[in-house]
Amino acid sequence: LSTWPPLFDACLAYFRAKQLPWVPALGLSDWFTNLLRRNKFELHQHIVSLERETADPLPPVEPNPQVFVRMMQPDDLERVAEIDRLAFEPIWQNSLKQVRQSYDLAVYATVADIDDQVVGFQISTSNVFAYHLARLAVLPELQHQRIGMTLLVDLIQRARQDHIWQITINTQDDNRSSLALYQKAGFILSGERFPVFLYTI
């Protein structure tokens, strides 16, 4: 692993130039996880995967009647990026550029409107058999008002219309509200679990 020091030095220089306080890394294999630990990366959390068969019954909840779910438009992306920034901790926040890229790759992207104001969104990608919910967020002050569930139910219904048999999601194992929402919507943990490490600069 003689290539690690110069690669990591270049990585540190980049993050310092961006004035970021840490370097995140995802441990996708044992050898890389061990390498991170040896180089003073600290375990931060785990990414877990959930899945749901679209044919399974919809959850016994009522969507929020104040929410109007519509297709995301290019004019929405600045607001979507703002909600993303407010809803996620810094290492998971997406820039406006990243939001645009996600939107361009999406098979189904929607926003939740209340009184003509965007208060939440979801962005999903797809393969032949499954949708992957890449992002779902609601304004923090409006969480726990069934807005996220309304977006999820709409996504499940769309997947059924498109004859997609499964929806998958990734989230953090310490994000209790996110896990509770997905499990209430009928998603179950798949057993996949990947550690997230941080190196403090």
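Predicted model only: the values in this text are computed from it and were never measured.

Visitor: How should the packing of helix H5 (residues 147–161) against helix H6 (residues 176–184) be read in this particular structure?
Guide: Packed helices, taken two at a time, are described by the angle their axes make and the gap between the axes. Look at H5 against H6: their axes get within 10 Å of each other, and the N-to-C directions meet at 40°. In this view, H5 runs oblique relative to H6, as classed from their interaxial angle. For the pair H5 and H6, the sense of crossing is right-handed. Listed contacts from H6 to Gly 148, Met 149 and Leu 152 of H5 are Leu 181, Tyr 182 and Lys 184.

Visitor: Help me understand the nonpolar core in this model?
Guide: The tendency in soluble globular proteins is for nonpolar side chains to be buried side by side. Formed by 41 residues in total, the largest nonpolar core has its most connected members in Met 72, Phe 121, Tyr 182 and Phe 187. Elements supplying a minimum of two residues to this core: strand E2 (42–53), helix H3 (77–87), strand E4 (108–114), strand E5 (117–126), strand E6 (130–138), H5, strand E7 (166–172) and H6. Of all the elements, H5 adds the most residues to this core, at eight residues. If we ignore the near neighbours within four places in the chain, the residues touching Met 72 are Leu 77, Val 80, Tyr 103, Ala 109, Thr 110, Val 111, Phe 121, Gln 122 and Ile 123. Residues Trp 4, Phe 8, Phe 15 and Ala 25 belong to the second largest nonpolar core, which totals eleven residues.

Visitor: Teacher, can you tell me more about the sheet that holds strand E3 (residues 68–71) here?
Guide: Paired through their backbone hydrogen bonds, the strands of a sheet run either parallel or antiparallel. In spatial order, the strands read E1-E8-E2-E7-E6-E5-E4-E3; together these eight strands make up an open sheet with mixed pairing. Edge positions in the open sheet fall to strand E1 (22–26) and E3, since each of these has one partner strand only. In this sheet, neighbouring strand axes are inclined to one another by 25° on average, regardless of whether the strands run parallel or antiparallel. Where E4 and E5 come together, seven bridges link them in antiparallel fashion. Among the inter-strand pairings, Ile 114 is bridged to a residue of E5, identified as Gln 117. The sheet contacts of H5 involve E2, E3, E4, E5, E6 and E7, and relative to E6 the element is tilted by about 160°.

Visitor: Can you help me understand the packing of aromatic side chains in this one?
Guide: Centre-to-centre distance and the angle between the planes together describe a pair of aromatic rings. One pass over the structure, following the stated rule, counts eight aromatic pairs. Three or more aromatic residues joined by ring pairs form one cluster here, namely Trp 4, Phe 8, Trp 31, Phe 32, Phe 41 and Tyr 199. The ring centre of Phe 88 lies 3.8 Å from the NZ or CZ of Arg 135, which sits over that ring.

Visitor: Which parts of the structure should I look at to understand the pattern of salt bridges?
Guide: A side chain of one charge can pair with a side chain of the opposite charge if their charged atoms are brought near each other. Scanning the model with the defined rule gives six salt bridges in all. The salt bridge partner of Asp 76 is Arg 70, with a shortest N-O separation of 2.8 Å. The exposure class of Arg 70 is partly exposed, given its relative accessible area of 23%. Two residues, Arg 193 and Asp 173, come together in a salt bridge whose shortest N-O distance is 3.3 Å. Note that Arg 193 is positioned in strand E8 (residues 188–200) and Asp 173 in the loop between E7 and H6, a separation of 20 residues in sequence. For Asp 173, a relative accessible area of 26% translates into the label partly exposed.

Visitor: Before we go on, may I ask you to explain the packing of H3 against helix H4 (residues 96–105) in this structure?
Guide: At a minimum axis distance of 9 Å, the contact between H3 and H4 shows a crossing angle of 115°. H4 is crossed by H3, and the crossing has right-handed handedness. Across the interface between the two elements, Leu 77, Glu 78, Val 80 and Ala 81 from H3 touch Leu 96, Val 99, Arg 100 and Tyr 103 from H4. Per-class residue counts for the contact of H3 with H4 are six nonpolar, no polar and two charged.

Conventions adopted
- Residues numbered from 1 in each chain as written.
- Predicted model: local features only at pLDDT ≥ 70, side-chain atom pairs only at ≥ 80, totals over all residues.
- Heavy atoms only, no water.
- Axes fitted to C-alpha atoms, helices over the stretch in contact; angles between N-to-C directions.
- Helix = DSSP H or I, 4+ residues; strand = E, 2+ residues; numbered from the N terminus.
- Parallel < 35°, antiparallel > 145°, perpendicular 65-115°, else oblique.
- Left-handed = near helix turned anticlockwise from the far one by under 90°.
- Contact = heavy atoms within 4.5 Å.
- Core = buried A, V, L, I, M, F, W, Y, C linked by side-chain atoms within 4.5 Å.
- Buried < 20%, exposed > 50% of the residue type's maximum accessible area, 1.4 Å probe, protein only.
- Pairing = 2+ DSSP bridges.
- Phe/Tyr/Trp six-rings, centres within 6.5 Å; stacked < 30°, edge-to-face > 60°.
- Lys NZ or Arg CZ within 6 Å of the ring centre and 35° of its normal.
- Salt bridge = Lys/Arg side-chain N within 4 Å of Asp/Glu carboxyl O.
- Nonpolar A, V, L, I, M, F, W, Y, C, P; charged D, E, K, R; others polar.

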